[in-house]
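Each chain, written out:
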Amino acid sequence: MPNRLSVSELSARLARCEVSARQAVQACLDQIQRLEPAIHAFISHLPADALEQADAADQLLAAGGDFARPLLGVPIATKDVIAVQGHPLNCGSKILGNFISPYDATAIAKLKAAGAIILGRLNMDEFAMGSSTENSAFGPTRNPWDTTRIPGGSSGGSAAAVAADEIIAALGSDTGGSVRQPAALCGCVGLKPTYGRVSRYGLVAYASSLDQIGTCTKTVRDAALLLEVIAGHDPRDSTSLPQAVPSYSTKLNGEIRGLKVGLPKEYLVGGLDPQVKAAVAAAVNKFEELGAEVIEVSLPHTDYAIASYYIIATAEASANLARFDGVRYGARVPGEDTLELYCRTRGRGFGAEVKRRIILGTYVLSGGYHDAYYLRAQKVRTLIRRDFLRAFEQVDALITPTTPTAAFKLGEKSGDPLQMYLEDIFTISCNLAGICGLVVPCGFASVTDAPPAARSMRLPIGLQLLGKPLGEETLLRLGHAYEQATPWHLEKPPL
Ligand code: GLN
């Protein structure tokens, strides 16, 4: 079935006319219809529009294809926080009402120009705030490996849809781990590019100094293929970087001899699950076998990452989310006067976690507290970035766990925000430092307390590789070599 293929496999078969774009889209639609009642990865999708795009792609493919369109006929879906012209845009929230995007995000425009078919929109924690997709106003997404468990978040829909073969690949956004953590928990490859590598134009802002669009895919090669399409400078996003975009996918030759990889000692302590620890240790051995040199390094300010992240991210969110006031767009709950209209719209439109963060963010920015919290957090952020830059003087990349445990149960942490925030302990520093990160499957945890009705007794574990600013090429080479030497990415959930 074409929906089970990766981007590189599908595009090769499309080019040889062994499968048509219509068949590929139809196979995804069939899988969506079959599995959505159990998984709920999509918020919306437009089948007729996707089939129409597929027919147009098939005409070009029949005429010999188009070298300028490497993704011609490949169905892709996006997290509900990235604008696609003519599609609804909800950000997993009620507050946008029936809003339809009037334009394409730059990343989407680039995917379309490369021939991809944008099939639909994937579920997420409201405004990307969360680690389990339970904060979606559209209801939670479930993990394809065990539907009693969360898929991770906030891009839980992206990871679940890719893992369940409902879509070939997906876009997500990563502010503190939202692409990498769900990718790890669903057994996919997740890439968070360097801050500024991919334009954020058309990505609804959560925390602007941390946000970055990333990819969720079935293989490392697919991550490289998508990144080389969506990356690059964009005059519409002044934070996008001007550096030329390498042809990442052509550099994946499996050769990593001589590369130096650092193992941060602060990442292998605390509440790390023994099975996750063992999987990471085995991966370290594998890298050594492949010819990389692994040495211990130190990131001494790691302990302060969560605290500073939740000050900076909420501060920025409180400002960014001020635009959702019921006046300009989205849902509106009328009131006696403008203030009442604001209060009612925001009171009813936002969910509990978003309100918690707006309140926290407003507090840390308020007169008298700004210096004590916000300014201090910014100073800590600088120290965290320096830790990484110092480590990268010694090594080409870092190797770490992605999550403290495998996927947890729905409802297990949703009543305790602090427990949920601790889920981000290994992913958050990457965003604070503005560097890049790649997650690849590295094994499975066996579940001892699985009820007889649970679908799987094993849950995926993800390995995180962190790279220098603009070090994506090295990360992808390392991830690809590891992937080719291990069987983990070939496993599919028992659906
Ligand atoms: N879990 C983190 C948060 O809730 C990260 C989310 C993200 O990367 N968008 O903020």
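Scroll up for the structure.
Rules used in this analysis
All chains use their own residue numbering, which begins from 1 and follows the written sequence. Per-residue local features are limited, in this predicted model, to residues with pLDDT of at least 70; the limit for side-chain atom pairs, both in listing and counting, is 80 or more; totals at the level of whole chains, interfaces and linings are taken over all residues. The basis for every side-chain value is the complete set of heavy atoms in the structure, and neither hydrogens nor water enter the calculation. Points on a 1 Å grid, built from protein atoms alone, make a cavity when a 1.4 Å probe fits but cannot get out and make a pocket when they are open with protein on both sides within 12 Å along at least 5 of 7 lines; residues with an atom within 4 Å of a point are the lining residues. Grid points are joined across faces, edges and corners, and a volume is the space filled by probe spheres set on the points. The nonpolar class holds Ala, Val, Leu, Ile, Met, Phe, Trp, Tyr, Cys and Pro. Asp, Glu, Lys and Arg form the charged class, and all remaining residues, Gly among them, are polar. Any carboxyl oxygen of Asp or Glu that lies within 4 Å of a side-chain nitrogen of Lys or Arg is treated as forming a salt bridge with it. Throughout, exposure labels follow a simple rule: accessible area from a 1.4 Å probe, protein chains only, divided by the maximum for the residue type, with under 20% read as buried, over 50% as exposed, and the rest as partly exposed. Note on conventions: DSSP H or I runs of at least 4 residues are helices, E runs of at least 2 residues are strands, and numbering of each starts at the N terminus. Any residue with a heavy atom positioned within 4 Å of a molecule or strand is treated as near that molecule or strand. Distance and chemistry together define a polar contact, namely a pair of N or O atoms within 3.5 Å, with one atom able to donate a hydrogen and the other to accept it when in protein, and with adjacent residues in sequence counting only for side-chain atoms on both sides. The method behind every accessible area is Shrake-Rupley, applied with a 1.4 Å probe, and residues are considered shielded solely by the protein chains displayed. Paired strands, in this sense, are two strands between which DSSP finds at least two bridges. Note on geometry: axes are lines fitted to C-alpha atoms, helical ones only across the stretch in contact, with angles between N-to-C directions running from 0 to 180 degrees. Between two residues, a contact is recorded if the distance between any of their heavy atoms is within 4.5 Å. Within this scheme, the nonpolar core is defined by two criteria: the residues are buried Ala, Val, Leu, Ile, Met, Phe, Trp, Tyr or Cys, and they are joined through side-chain atoms within 4.5 Å. Just so you know how the angles are binned, under 35 degrees is roughly parallel, over 145 roughly antiparallel, 65 to 115 roughly perpendicular, and the rest oblique. For a helix, the expected span equals 1.5 Å multiplied by the number of residues minus one. As used here, the arc belongs to the directions running from the helix axis to the C-beta atoms. Crossing chirality is assigned from the near helix's rotation relative to the far helix, an anticlockwise turn below a right angle marking it left-handed and a clockwise turn marking it right-handed. A residue counts toward a patch only above 30% relative accessible area and without a salt bridge, and it is joined to like-charged neighbours within 9 Å or, for Val, Leu, Ile, Met, Phe, Trp and Tyr, to nonpolar neighbours within 5 Å. Stacked, tilted and edge-to-face are the three classes assigned to paired rings of Phe, Tyr and Trp, where Trp is represented by its six-membered ring and a pair needs centres within 6.5 Å; plane angles under 30 degrees give stacked, over 60 edge-to-face, the rest tilted. Two conditions define a charge located above a ring, namely a distance within 6 Å from the ring centre to NZ of Lys or CZ of Arg, and an angle within 35 degrees of the ring normal.

**Some points on empty space enclosed by the protein**
Item 1. Tallied over the entire structure, the rule returns three cavities of 30 Å³ or more.
Item 2. Each pocket or cavity is described by its volume, and for the largest cavity that value is around 100 Å³.
Item 3. Every residue lining the largest cavity is counted, 15 residues in all, and those nearest its centre are Gly130, Gly176, Ser178, Tyr309 and Asp424.
Item 4. Each residue belonging to the lining of the largest cavity can be placed in one class, and the counts come to five nonpolar, eight polar and two charged.

**Topic: the pattern of salt bridges**
Item 1. Taken as a whole and judged by the stated rule, the model has 20 salt bridges.
Item 2. For Asp146, the salt bridge goes to Arg149, with nearest N and O atoms at 2.9 Å. Residues Asp146 and Arg149 agree in their burial class; the two are buried.
Item 3. A salt bridge links Asp165 to Lys492; the shortest N-O distance between them is 3.0 Å. Taken together, the positions of Asp165 in the loop between helix 5 (156-163) and strand 4 (169-173) and Lys492 in the segment after helix 15 (472-484) put the pair 327 residues apart, joining distant regions of the chain.
Item 4. You can call Lys492 partly exposed: its relative accessible area is 29%.
Item 5. Because the salt bridges share partners, they merge into one network encompassing Arg4, Asp165, Lys218 and Lys492.

**What to know about the site of the ligand**
Item 1. Near the ligand you find 15 residues, and of these Thr175, Gly176, Ser178, Tyr206 and Tyr309 are the closest.
Item 2. Between the ligand and Ser131 there is a distance of 2.9 Å, counted from a nitrogen atom to a side-chain nitrogen or oxygen.
Item 3. A distance of 2.6 Å is found between an oxygen atom of the ligand and a side-chain nitrogen or oxygen belonging to Ser178.
Item 4. When the free accessible area of the ligand is taken as 290 Å², the share hidden by the protein chains comes to 100%.

**What to know about the sheet that holds strand 1 (residues 42-45)**
Two pairing modes exist for strands in a sheet, parallel and antiparallel, and in both the strands are linked by backbone hydrogen bonds.
Item 1. Taken in spatial order, the 11 strands make up an open sheet running 1-3-2-4-6-5-10-11-9-7-8, and their pairing is mixed. The outermost strands of the open sheet, each flanked by one partner alone, are strand 1 and strand 8 (293-297). Geometrically, the sheet is characterised by an average inter-axis angle of 30 degrees between neighbouring strands, direction not taken into account.
Item 2. Pairing of strand 5 (residues 189-192) with strand 10 (residues 436-446), which is carried by three bridges, proceeds in the antiparallel orientation. Counterpart to Gly190 in the pairing with strand 10 is Val439.

**Notes on the environment of Ala77**
Item 1. Locating Ala77 in the fold gives a position in strand 2 (residues 75-79).
Item 2. Residue classification places Ala77 among the buried residues on the basis of a relative accessible area of 0%.
Item 3. Expressed as a C-alpha distance, the spacing of Ala77 and Lys468, which sit 391 residues apart in the sequence, is 28 Å.
Item 4. Once residues within four sequence positions are removed from consideration, Ala77 is found in contact with Phe42, Gly120, Leu122, Ile167, Ala169, Ala170 and Leu171.

**Some words on the nonpolar core**
Item 1. The biggest cluster of nonpolar side chains holds 156 residues, and the ones touching the most others in it are Leu71, Leu111, Phe127, Phe287 and Phe388.
Item 2. Looking at this core element by element, the count peaks at nine residues for helix 9 (residues 305-320).
Item 3. Excluding residues that lie within four positions of it along the chain, Phe388 makes contacts with Tyr267, Leu299, Leu398, Ser429, Ala433, Ile435 and Leu466.

**Re the packing of helix 9 against helix 11 (residues 352-365)**
Packed helices, taken two at a time, are described by the angle between their axes plus the distance between the axes.
Item 1. Contact geometry of helix 9 with helix 11 gives a least axis separation of 7 Å together with a crossing angle of 100 degrees. Taken together, the axes of helix 9 and helix 11 are roughly perpendicular relative to one another. Seen from helix 9, the contacting residues are Tyr310, Ile311, Thr314, Ala315 and Ser318; seen from helix 11, they are Arg357, Ile358, Leu360, Gly361, Thr362, Val364 and Leu365.
Item 2. Grouping the constituent residues of the contact of helix 9 with helix 11 by class yields seven nonpolar, four polar and one charged.

**Things to note about helix 10 (residues 338-349)**
Item 1. With 12 residues, helix 10 should cover 16 Å at 1.5 Å per step; its first-to-last C-alpha distance of 16 Å lies within 8% of that length.
Item 2. All buried positions along helix 10 are accounted for by Leu341, Thr345 and Gly349. Taken around the axis of helix 10, the buried residues stretch over an arc of 35 degrees, which confines them to a single face.

**Re helix 15**
Item 1. Between the first and last C-alpha of helix 15 there are 18 Å, a value that for 13 residues agrees with the 18 Å anticipated at 1.5 Å per step.
Item 2. When we look at burial in helix 15, the residues that qualify are Glu472, Leu475, Leu476, Leu478, Gly479, His480, Ala481, Tyr482 and Glu483.

**Structural notes on the environment of Gly462**
Item 1. By the secondary structure assignment, Gly462 is in strand 11 (residues 458-467).
Item 2. Among the residues examined, Gly462 registers a relative accessible area of 2% and is labelled buried.
Item 3. Once residues lying within four places of it in the same chain are set aside, the contact partners of Gly462 are Ala184, Pro401, Thr402, Val439, Val440, Pro441 and Cys442.

**A word on the packing of helix 9 against helix 12 (residues 370-394)**
Item 1. Taken N-terminus to C-terminus, the directions of helix 9 and helix 12 make an angle of 125 degrees; their axes are 9 Å apart at the nearest point. Considering their axes alone, helix 9 and helix 12 lie oblique with respect to each other. For the pair helix 9 and helix 12, the crossing hand works out as left-handed. For the pair helix 9 and helix 12, contact is made by Ala305, Ser308, Ile311, Ile312, Ala315 and Glu316 and by Tyr373, Tyr374, Ala377, Gln378, Val380, Arg381 and Ile384, respectively.
Item 2. Across the contact of helix 9 with helix 12, the residue classes tally to nine nonpolar, two polar and two charged.

**A few points about a nonpolar patch on the surface**
Item 1. Taken together, the side chains of Val327, Leu339 and Tyr342 present a nonpolar region at the surface, about 270 Å² in accessible area.
Item 2. Tracing the sequence through the fold places Val327 in the loop between helix 9 and helix 10.

**Considerations on the packing of aromatic side chains**
Item 1. Applying the stated criterion across every chain yields a total of 15 aromatic pairs.
Item 2. Pairing Tyr310 with Tyr421 gives two aromatic rings, centres 3.9 Å apart and planes at 10 degrees, and the pair type is stacked. Taken as a pair, Tyr310 in helix 9 and Tyr421 in helix 13 (residues 417-422) lie far apart in primary sequence, 111 residues in all. Both residues of the pair, Tyr310 and Tyr421, belong to the buried class.
Item 3. Following the ring pairs from residue to residue traces out a cluster consisting of Phe99, Phe127, Phe324, Tyr329 and Phe350.
Item 4. Across the ring face of Phe408, the terminal group of Lys413 is positioned such that the distance to the ring centre comes to 4.5 Å.
Item 5. Directly above the aromatic system of Phe444 lies the positively charged group of Arg458, at a separation of 4.0 Å from the ring centroid.

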